[in-house]
Amino acid sequence: MIVSNTIVKVGIAQMDVVKAPNTIRTSGLGSCVGVVIYDETKQIAGLIHVMLPDSSLGKVDATNVAKFADTGIKALLDLLKAEGVQTFKLKAKIAGGAQMFQFTSDKSSMRIGPRNVEAVKNELNKYKIPLISEDTGGNSGRTIEFNPATSKLNIRTVNRGVSEI
Amino acid sequence: MNFNQKITSLHLDVLKEIGNIGAAHAATALSDLLSKKIDMQVPKVEMVTFDHMMELAGGSETVVVGVFLRIEGDIEGSMFFILPIEQANRFIRRLIHDDAFDFYKAPVSELALSAMQEMGNILSGSYLSALSDFTKLKIYPTVPGLSVDMFGAIISTGLIELSQVSDHVIVINTSIFEEDIAVSEAVHGHFFLLPDPDSFATIFKVLGVS
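Quick caveat, the model's predicted, so the values are computed rather than measured.

The rules behind the values
Residues numbered from 1 in each chain as written. Chains lettered and ligands numbered in written order. Predicted model: local features only at pLDDT ≥ 70, side-chain atom pairs only at ≥ 80, totals over all residues. Heavy atoms only, no water. Core = buried A, V, L, I, M, F, W, Y, C linked by side-chain atoms within 4.5 Å. Buried < 20%, exposed > 50% of the residue type's maximum accessible area, 1.4 Å probe, protein only. Helix = DSSP H or I, 4+ residues; strand = E, 2+ residues; numbered from the N terminus. Contact = heavy atoms within 4.5 Å. Buried area = accessible area lost by both parts, 1.4 Å probe. Salt bridge = Lys/Arg side-chain N within 4 Å of Asp/Glu carboxyl O. Pairing = 2+ DSSP bridges. Axes fitted to C-alpha atoms, helices over the stretch in contact; angles between N-to-C directions. Phe/Tyr/Trp six-rings, centres within 6.5 Å; stacked < 30°, edge-to-face > 60°. Parallel < 35°, antiparallel > 145°, perpendicular 65-115°, else oblique. Left-handed = near helix turned anticlockwise from the far one by under 90°. Nonpolar A, V, L, I, M, F, W, Y, C, P; charged D, E, K, R; others polar.

**Describing the nonpolar core**
Residues and elements named next belong to chain B.
Then, in step 1: The biggest cluster of nonpolar side chains holds 48 residues, and the ones touching the most others in it are Leu15, Phe81, Ile92, Phe103, Met116, Tyr127 and Phe191.
Then, in step 2: For this core, the secondary structure elements donating two or more residues are α1 (9-34), β3 (63-73), β4 (77-84), α3 (85-96), α4 (110-135), β7 (168-178), β8 (189-195) and α7 (197-206).
Then, in step 3: The greatest single-element share of this core, amounting to nine residues, is contributed by α1.
Then, in step 4: Non-local contacts of Phe81, meaning those with residues more than four positions away in its chain, are made with Val65, Gly66, Val67, Met116, Met119, Gly120, Leu123, Ile176, His190 and Phe191.
Then, in step 5: Residues Phe50, Ala153, Ile154 and Phe192 belong to the second largest nonpolar core, which totals 47 residues.

Dropping the structure here:
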């Protein structure tokens, strides 16, 4: 059998699921948070690129669920369950939630990075999914790629090089 | 407000004119600053998905120099002045008289960062004051922030307000380039004006197309 590894790309406010040997990646995370939820033994991983903490911020109905931490993580879990994974086996890694610009403005949207991280952690808690590692905060953009075969999350930044969590 | 359904081509033309007037003043200011001829393209006004927005300056992972400020007053929104690294290098070398300067070489000097921020300040100031004169709206820019990073990470800061009401963004996009340097569109500098959703009604009203 010929195995070709493809990289599944996830855009902003989108999500997808991938199986080994393929990997999954999202680029240009600023205040957004990339959440990887994976099953180590089945080597399946889902990735969502969350923009906003809470769907109650959405002022219009019927928006894209993947945009928000609360509705997005729920939808991602549904996708994973459809692949036959069991929720209690799932683990998570997250990255992002930076503050790209320093402002004195008290507008809450300027602090969206930390709020996104907090909201994601609350949701993971709610579903009792252990957060194995994270690379959050700071003021650097991140591109992340997860390999379900190794459960490693590769994080690339412009100013701080490459790391793996 | 669900602005997706209410925007007509006339509205887009009005927004294009805003981009035209604003960017023309900014390009003039840049030309004065650098003593160099600067050209601009006819602005593009597009309603795009967030994902598509990332492609407007070469992809979300492309490293750019970004100056960002918020607009406050009668209308609100986000404004970005985005330069490819090469172009930013040329501008800053000229401004601070240092031919060896390079944004790729960390640490970037305070002087260069300050010059870049001031350039962003002057250009966005002239863009917005032209816009204010044209519309008679009160427009106050915040002090600009500067970041050298991935385009996606920078531009998504300006999508936060919008993303709460829509999955699309109306972007007023004007590219600027140096006349004496032939480059492809992907390496142009850009002004991006992203009005907040509630501000469109105000803009259209004062310009008589509501």
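What follows picks up the thread again.
**So, the interface of chain B and chain A**
Then, in step 1: If you look at the interface, chain B gives 34 residues, while chain A gives 36 residues.
Then, in step 2: Interface area, chain B with chain A, both sides summed: about 2700 Å², of which 59% is carbon and sulfur.
Then, in step 3: Among the residues of chain B in contact with chain A, Glu61(B), Ile160(B) and Gln164(B) are the three that bury the most area, contributing 22% of the side total.
Then, in step 4: Summed over the shared surface of chain B and chain A, the result is three salt bridges.

**Structural notes on the pattern of salt bridges**
Then, in step 1: Enumeration over the complete set of coordinates arrives at 12 salt bridges over all chains.
Then, in step 2: Close ionic contact of Arg25(A) with Glu145(A) constitutes a salt bridge, the shortest N to O distance being 3.2 Å. On the criterion of sequence distance, the pair formed by Arg25(A) in strand β3 (residues 23-29) and Glu145(A) in strand β8 (residues 142-147) is long-range, its members being 120 residues apart.
Then, in step 3: Classification of Arg25(A) by relative accessible area gives buried; the value is 18%.
Then, in step 4: With a closest N to O distance of 2.6 Å, Arg25(A) and Glu61(B) form a salt bridge. Here Arg25(A), found in strand β3, pairs with Glu61(B), found in the loop between α2 (50-53) and β3, and the two come from separate chains.
Then, in step 5: Residues joined by salt bridges that share partners form a network here, namely Arg25(A), Glu145(A), Arg156(A) and Glu61(B).

**Here we look at the sheet that holds strand β6 (residues 91-96) of chain A**
Sheets are built from strands that pair by backbone hydrogen bonding, the pairs being arranged parallel or antiparallel.
Residues and elements named next belong to chain A.
Then, in step 1: With mixed pairing, five strands are arranged side by side in an open sheet as β2-β5-β4-β6-β7. Here the strands that pair on one side only, and so sit at the sheet edges, are β2 (15-19) and β7 (131-136). Geometrically, the sheet is characterised by an average inter-axis angle of 15° between neighbouring strands, direction not taken into account.
Then, in step 2: One ladder, built from seven bridges, connects strand β4 (residues 33-39) with strand β5 (residues 44-50); its direction is antiparallel.

**As for the pairing of strand β6 (residues 145-150) of chain B**
Looking along a regular strand, one sees the side chains alternate between the two faces of the sheet.
All names here are of chain B.
Then, in step 1: Most of β6 sits out of view: five of its six residues are buried.
Then, in step 2: Examined bridge by bridge, β3 and β6 share six bridges and lie antiparallel to one another. Each residue of the ladder has a partner; that of Phe68, found in β6, is Gly145.

**Some remarks on the packing of aromatic side chains**
Then, in step 1: The final tally for this structure, using the stated rule, is eight aromatic pairs over all chains.
Then, in step 2: Ring centres of Phe68(B) and Phe80(B) lie 4.7 Å apart, and the angle between their planes is 20°; on these two criteria the pair is classed as stacked. Here the residue Phe68(B) occupies a position in strand β3, and Phe80(B) occupies one in strand β4, the gap between them amounting to 12 residues.
Then, in step 3: Between Phe81(B) and Phe191(B), the aromatic rings sit 4.8 Å apart at their centres with planes inclined by 20°, giving stacked as the arrangement. Linking Phe81(B) in strand β4 with Phe191(B) in strand β8, this pair joins segments that are 110 residues apart in sequence.
Then, in step 4: A relative accessible area of 1% places Phe191(B) in the buried class.
Then, in step 5: Of the aromatic side chains, those joined through ring pairs into one cluster are Phe101(A), Phe68(B) and Phe80(B).

**Brief notes about the packing of α1(B) against α3(B)**
A pair of packed helices can be characterised by two numbers: the angle between their axes and the separation between those axes.
Residues and elements named next belong to chain B.
Then, in step 1: Relative orientation of the contacting elements α1 and α3 amounts to 50°, with a least axis distance of 9 Å. With respect to α3, the axis of α1 lies oblique. Within the contact between the two elements, α1 uses Leu30, Leu33 and Leu34 and α3 uses Phe91, Arg94 and Leu95.

**Details of the packing of α1(B) against α4(B)**
Residue and element names in this part refer to chain B.
Then, in step 1: Look at α1 against α4: their axes get within 8 Å of each other, and the N-to-C directions meet at 140°. With respect to their mutual orientation, α1 and α4 come out oblique. Viewed along their axes, α1 and α4 form a crossing whose handedness is right-handed. Two secondary-structure elements touch here, α1 through Glu17, Ile18, Gly19, Ile21, Gly22, Ala23, His25, Ala26, Ala29, Leu30 and Leu33 and α4 through Met119, Ile122, Leu123, Ser126, Tyr127, Ala130, Leu131 and Phe134.
Then, in step 2: Class assignment of the residues belonging to the contact of α1 with α4 gives a composition of 14 nonpolar, four polar and one charged.

**Re the sheet that holds β8(A)**
All names here are of chain A.
Then, in step 1: The sheet built from five strands is open, its strands ordered β1-β3-β8-β9-β10 with mixed pairing. Among the strands making up the open sheet, the edge pair consists of β1 (7-9) and β10 (162-164). Geometrically, the sheet is characterised by an average inter-axis angle of 20° between neighbouring strands, direction not taken into account.
Then, in step 2: By the bridge criterion, four bridges tie β3 to β8 in an arrangement that is antiparallel.

Shape descriptors only; they carry no functional weight alone.
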